[in-house]
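Next come the chains, spelled out residue by residue.
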Amino acid sequence: MYSDIVMDHFTNPRNVGEIEDADAVGQVGNPKCGDIMKMYFKIEDNIIVDVKFKTFGCGSAIASSSMATEMVKGKTVEEALALSNYEVAKELDGLPPAKMHCSLLAEQAIKSAIFEYSKKHNLHYKELEGFNPSEEEDHHDLGEEE
Amino acid sequence: MYSDIVMDHFTNPRNVGEIEDADAVGQVGNPKCGDIMKMYFKIEDNIIVDVKFKTFGCGSAIASSSMATEMVKGKTVEEALALSNYEVAKELDGLPPAKMHCSLLAEQAIKSAIFEYSKKHNLHYKELEGFNPSEEEDHHDLGEEE
Amino acid sequence: MNVYLDYSATTPVKPEVLDAMMPYLKDFYGNPSSLHSYGRENKKAMDTARDQVAKTFNAKPEEIFFTGGGSESDNWAIKGAAAALKTKGRHIITSSIEHHAVLHTCQHLEKEGFEVTYLPVDDQGIISIEDLKDSLRPDTILISIMYANNEIGTIQPVEEIAAIAKENKILFHTDAVQVYGHFQIDTQTLPVDMISVSAHKLYGPKGVGALYLRKGTKIHNLIHGGGQERKKRAGTENIAGIVGFGKAAEMAHENLDAHVKHLTELRDHLMQGILENIPNTRLNGHREKRLPNNVNVSFEFIEGESMLLSLDMVGIAASSGSACTSGSLDPSHVLLSLGLSHEMAHGSLRLTLGDQNTKEEIDYVLEQLPPIVQRLRDMSPLYETMKEGAR
Amino acid sequence: MNVYLDYSATTPVKPEVLDAMMPYLKDFYGNPSSLHSYGRENKKAMDTARDQVAKTFNAKPEEIFFTGGGSESDNWAIKGAAAALKTKGRHIITSSIEHHAVLHTCQHLEKEGFEVTYLPVDDQGIISIEDLKDSLRPDTILISIMYANNEIGTIQPVEEIAAIAKENKILFHTDAVQVYGHFQIDTQTLPVDMISVSAHKLYGPKGVGALYLRKGTKIHNLIHGGGQERKKRAGTENIAGIVGFGKAAEMAHENLDAHVKHLTELRDHLMQGILENIPNTRLNGHREKRLPNNVNVSFEFIEGESMLLSLDMVGIAASSGSACTSGSLDPSHVLLSLGLSHEMAHGSLRLTLGDQNTKEEIDYVLEQLPPIVQRLRDMSPLYETMKEGAR
Ligand SMILES: Cc1ncc(COP(=O)(O)O)c(C=O)c1O
Ligand SMILES: Cc1ncc(COP(=O)(O)O)c(C=O)c1O
């Protein structure tokens, strides 16, 4: 079902944990859908110098968090904001269709954290235009019946 | 499905044929239901001295005809009239439920022939009271649905 | 000699098919819906089988839904379409010679308020395209006409029917249980919406079938429940059966031409041998538009069951349209629809061939059959009457 | 070590069962409806299987109808009763924790104009008899309540329900798929009208089931067509499957007591081991009124799929009520019906035992599970929040 890379990131997730004095924290998802992702960022001179996550969720949610944090570490804030869930899924060697929303959650956790950061520091990122962290998406595939 | 006795009477039917100068002939059944039985009797001094049959029908119809003719041969007319289809079926070591009507057909072929005989010779048999050879019975088991 | 000539009733399972099934009866017992590795193996096997079956129809795997057999597929297609479209209309068109799985389903729907036109057939068993056109109504929602008949082997003008259905935007279902494995059905060129097939007619296991459902065709479920078969057919999957079906379907389509050629030769030899050597015999069904493995004849003056019993005693397995073989009142509705008298319908014999049959077997049948027919005729009061009439 | 703990999803086929099936996959391929000897053998085998299953219910063979599985049996019983009785009434009573084969069927009937009462359950998963009585209406035609639940193992007061149904002359159907092979169901003493069972839950093959239908109970057919199963369920019979089912049913009922004792011991060992060693864990379902092979627990703060994956990596096969295992939006309707929060429902783990399990295996699970739970909790933001709250 899952690629070897997903299984590797699930078994040995990178960047698990918290950052006590984080510059930005973002949390997305809700327990109803079975996924909550929380990301902590340490940002210096517009560079993401450290990132950690905690995830309540399925295997692909954990792997997506792990991969996404790896992908933004050391990047500029703008670069992090430009990361799309498709890139995360691609780096994971693919996700099952029903699990694509997990990668989206990772993308949104990053955006949500930086959104908070931009508010605090009065910064403006055009990648965040229209982004609303409290907007809950109905991201599950309901499948088809009758 | 069929007992050995049925199979024996089907494979080597006794008394197949016609009697040219029969004293009584009876035919029952109709092609719609897939069974027609015709019996020929030679009767002397109230004794059935010879009997033959012809049957269009399934294995149990042929076996029932064969067995019934054997059972009435050498008997008095009254004894022949007293023969019930259950006795024929029993002698055959049983018939499948859906095939019991075949034995009934044999009983009726005998009655029908003797009915004709009684008419011709102006005889009266109490066993034939109420018997009507042209009355067609809906003897098939329709089974159950819904 | 033992000669099985009842392949249209059911076929043996090919050894290769059974080999493919065995691991799923033994080691891989997981539920394919499960997440763990016991289930994952089975999920893969199901995917392979679905691909195999899809390929035979030149279809997408998502268009194949596994069922518990041809009857379930027929019921699902017809009831499912009727339920989904009942607000659009309540008229269904079928033929008078369908398999009972279609016929009784339609009769059931009549009780539920649908109207059904049963198209008559000509004396060879073919519907008239004119009749079909005439029977179309604005509220017609479904045409269900079988590809080939299971008793007499007659093949319907399916391309024309499909074209008419498409033109009039009416769903078209075909029961292809008897042609599957004999003809290539190409869903890219034939505009059919639903096709019923069954594994045990093409050397697969019993109790598995499939419904081809063209992408976008919306019908209601027949079996509600779990999310199996993309939420369209509930129930833990019969994995071994499905794997066997996939393998059987693949094998059948690998050498379709050789298979059909072999069968056609044997069939024609058998058919001619019977018609030439046994008088008062009629071929039932169309001479050319006919399944390559079907011979159906009626012998006057005798009844089918006694013929089958006699054949069975010399090792020949066949079937008959006589009511006496089924315990029902009337002989085959198919034979009666051709215009046969009850006697002739009762006297029918169906011999259906398969991969394993040989010319020697057919010769054996041609040797055994005439004396059997003669023996039964000699016992028949109808034959006697005929002879007397001729005197 | 490989430990299969998903017996409620499906069981392996017993070697004796497979042995019984093999001749019908190989040599005896005839259609049991056929007259010739190829078919007659199979007819006999079907009769034997029917006797075997009938015996387990202390019922008559004529009361057993083979189907394509538990889901089909459920659909047939409910839709068949609804259709047969719709002129009498249109109200059906069921529970909120039925298997989807019952639940989705009832929801489907609602769309067709029936009214359905879904009885709630208490926090252990048991319906209230008072609720049931209160929900009765003059137009109630059917009560369908499962014998035991497939996820949490809770057993319903079936005797009381049956008595109420009988008193009020309402048909009573029970989905006994999960209890079959664990408990003796005696139809002579339990006044139930219809019972659904499935072969692959008691070491038989997948894709076969049965409906017990009390003599005299009139329901409509689900699958119309040929005259199989005494004209009540059409389709060429899955003989090998049916023979295997008969054998499996017989074997299961031969040593029911020893089997249940073995399972109960292992279950209690596993249950206690988990509850005692892993904090913030809740047992789902009733402690005593419970299937002998079912353990269902919720671990706070973690999600089920990731638990299953982790267990699978150490060779343990289990299942979960998390939505993430099924791709649906909501976690198990059963767990939510108990009053569990979404988090707790997502964090459920179902371990279901079978004949093959040993104490060593359970010890292995008890050794592997705590660190897996801890590792996932350490990754969970919910666990973090809880700890912060406690600080
Ligand atoms: C309680 C219950 N009912 C019905 C079913 C459906 O049975 P089947 O998978 O044989 O269709 C199952 C198992 O999946 C079950 O556990
Ligand atoms: C034309 C046709 N349709 C449907 C069926 C039913 O298929 P199954 O026996 O697999 O249910 C058959 C065979 O019995 C058939 O010949």
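The rules we used
- Residues numbered from 1 in each chain as written.
- Chains lettered and ligands numbered in written order.
- Predicted model: local features only at pLDDT ≥ 70, side-chain atom pairs only at ≥ 80, totals over all residues.
- Heavy atoms only, no water.
- Contact = heavy atoms within 4.5 Å.
- Buried area = accessible area lost by both parts, 1.4 Å probe.
- Salt bridge = Lys/Arg side-chain N within 4 Å of Asp/Glu carboxyl O.
- Polar contact = N/O pair within 3.5 Å; in protein donor to acceptor, adjacent residues only side chain to side chain.
- Helix = DSSP H or I, 4+ residues; strand = E, 2+ residues; numbered from the N terminus.
- Nonpolar A, V, L, I, M, F, W, Y, C, P; charged D, E, K, R; others polar.
- Domains from an automatic or database assignment.
- Buried < 20%, exposed > 50% of the residue type's maximum accessible area, 1.4 Å probe, protein only.
- Least-squares fit on C-alpha atoms with pLDDT ≥ 70 in both.
- Pairing = 2+ DSSP bridges.
- Axes fitted to C-alpha atoms, helices over the stretch in contact; angles between N-to-C directions.
- Near = heavy atom within 4 Å.
- Areas by Shrake-Rupley, 256 points an atom, 1.4 Å probe, with all protein chains shown as cover.

## Considerations on the interface of chain C and chain B
Quoted interface sizes are often the accessible area lost when the parts come together.
Piece 1. Contacts between the two partners involve 29 residues from chain C, matched on the other side by 31 residues from chain B.
Piece 2. Both faces combined, the contact of chain C with chain B buries some 2400 Å², and carbon together with sulfur accounts for 62% of it.
Piece 3. At the surface where chain C touches chain B, the tally comes to three salt bridges.
Piece 4. One salt bridge connects lysine 99 of chain B with glutamate 305 of chain C, and the closest N-O pair in it is separated by 2.8 Å.
Piece 5. Here chain C and chain B share twelve residue pairs in polar contact (both at pLDDT 80 or more) between them.
Piece 6. Those elements that place two or more of their residues in the side of chain C that touches chain B are α4 (100–111), α10 (304–313), α12 (342–346), α13 (359–378) and α14 (381–390) of chain C.
Piece 7. Looking at which element gives the most residues to the side of chain C that touches chain B, the answer is α10 of chain C, with five residues.
Piece 8. Here the side of chain C that touches chain B is built from residues that sort into eleven nonpolar, nine polar and nine charged.

## A look at the domain arrangement of chain C
All names here are of chain C.
Piece 1. Along its sequence, chain C is organised into domain 1 (3–10 + 256–390) and domain 2 (15–254).
Piece 2. Using C-alpha coordinates to define each centre, domain 1 is positioned 29 Å away from domain 2.
Piece 3. Taken together, the contact pairs 30 residues of domain 1 with 32 residues of domain 2.
Piece 4. Summed over both partners, the interface of domain 1 with domain 2 comes to about 2400 Å²; 54% of that surface belongs to carbon and sulfur atoms.

## Notes on helix α14 (residues 381–390) of chain D
Piece 1. Taken together, the buried positions of α14 of chain D are occupied by Pro381, Leu382, Tyr383 and Glu384 of chain D.
Piece 2. Of the surrounding elements, those touching the buried residues of α14 of chain D are β2 (35–44) and β3 (47–56) of chain A together with α12 (342–346) and α13 (359–378) of chain D.
Piece 3. Looking at where α14 of chain D begins, the residue whose side-chain oxygen comes 3.1 Å from the main-chain nitrogen of leucine 382 of chain D is serine 380 of chain D.

## Thoughts on the relation of the copies chain C and chain D
Piece 1. For the pair chain C and chain D, the superposition axis carries a translation of 0.0 Å, the fit reaches an RMSD of 0.1 Å, and the rotation angle comes to 180°. Here the two chains are linked by the operation of a two-fold rotation axis. Closest to the rotation axis within chain C is the C-alpha of glycine 68 of chain C, separated from it by 2.9 Å.
Piece 2. Comparing contact sets, 100% of the residues at the interface of chain C also lie at the interface in chain D, consistent with an isologous, same-surface contact.

## Observations concerning the sheet that holds strand β4 (residues 115–119) of chain D
All names here are of chain D.
Piece 1. Pairing is mixed in the open sheet, where seven strands are placed in the order β2-β8-β7-β6-β5-β3-β4. Each of the sheet's edge strands pairs with one partner strand only, and the pair in question is β2 (64–67) and β4. Sheet twist, expressed as the mean angle between neighbouring strand axes with direction ignored, is 20°.
Piece 2. Sheet topology places strand β7 (residues 194–198) next to strand β8 (residues 209–213); five bridges connect them, and they run antiparallel. Across the sheet, residue methionine 194 finds its bridge partner in β8, namely leucine 213.
Piece 3. Running at roughly 160° to β7, helix α3 (residues 70–85) makes contact with β2, β3 (91–95), β5 (140–144), β6 (171–175), β7 and β8 of the sheet.

## Side note on the site of ligand 1
Piece 1. Around ligand 1, 15 residues are found, and the nearest of them are Thr236 of chain C together with Ser71, Asp175, Ser198 and Lys201 of chain D.
Piece 2. Residues near ligand 1 are shared among chains C and D, making this a multi-chain site.
Piece 3. Threonine 236 of chain C places a side-chain nitrogen or oxygen 2.5 Å from an oxygen atom of ligand 1.
Piece 4. A distance of 3.5 Å separates an oxygen atom of ligand 1 from a polar atom in the side chain of histidine 99 of chain D.
Piece 5. Out of a free accessible area of 390 Å², ligand 1 has 95% covered by protein chains.
Piece 6. In terms of residue count, α3 of chain D provides more of the shell around ligand 1 than any other element does, three residues in total.

## Quick word on the site of ligand 2
Piece 1. The full set close to ligand 2 counts 15 residues, and Ser71, Asp175, Ser198 and Lys201 of chain C together with Thr236 of chain D are the nearest of them.
Piece 2. Surrounding ligand 2 is a set of residues that belongs to chains C and D.
Piece 3. Contact distances for ligand 2 include 2.9 Å between an oxygen atom and a backbone N or O atom of glycine 70 of chain C.
Piece 4. Compared with its free state, where it exposes 390 Å², ligand 2 has 95% of that area covered by protein.
Piece 5. Element by element, the count of residues in the shell around ligand 2 is highest for helix α3 (residues 70–85) of chain C, at three residues.
Piece 6. Among the residues making up the shell around ligand 2, the classes are represented as two nonpolar, ten polar and three charged.

## Thoughts on the sheet that holds β2 of chain A
Residues and elements named next belong to chain A.
Piece 1. Overall, antiparallel pairing links the three strands, which are arranged β1-β2-β3 in an open sheet. The open sheet is flanked by β1 (24–30) and β3, the only strands paired with a single partner. The average angle at which neighbouring strand axes cross in this sheet is 15°, direction not considered.
Piece 2. Sheet strands touched by helix α2 (residues 59–72): β2 and β3. Its angle to β3, the strand with the most contacts, is close to 175°.

## Points about the side chain of serine 8 of chain D
Piece 1. Residue position: serine 8 of chain D is located in the loop between β1 (3–4) and α1 (15–26).
Piece 2. Residues in contact with serine 8 of chain D, not counting those within four places in the same chain, are Asn150, Gln178, Lys201, Asn293, Arg350 and Thr352 of chain D.

## A closer look at the arrangement of the chains
Piece 1. The interface with the most contacts, out of five pairs of chains in contact, is the one formed by chains C and D.
Piece 2. No part of chain A reaches chain B; the closest C-alpha pair between them is 26 Å apart.

## A word on the environment of isoleucine 127 of chain C
All names here are of chain C.
Piece 1. Structurally, the position occupied by isoleucine 127 is in the loop between β4 (115–119) and α5 (129–135).
Piece 2. For isoleucine 127, a relative accessible area of 4% puts it in the buried group.
Piece 3. Separated by 32 residues in the primary sequence, isoleucine 127 and serine 95 place their C-alpha atoms 7.3 Å from one another.
Piece 4. The contacts of isoleucine 127, once residues within four sequence positions are left out, are Ser95, Leu119, Pro120, Val121, Ile145, Gln156, Pro157 and Ile161.

## Topic: unusual backbone geometry
Piece 1. The backbone phi angle of asparagine 15 of chain A is positive, close to 65°, even though this residue is not glycine.
Piece 2. Mapped onto the elements of the fold, asparagine 15 of chain A is located in the loop between α1 (4–11) and β1.

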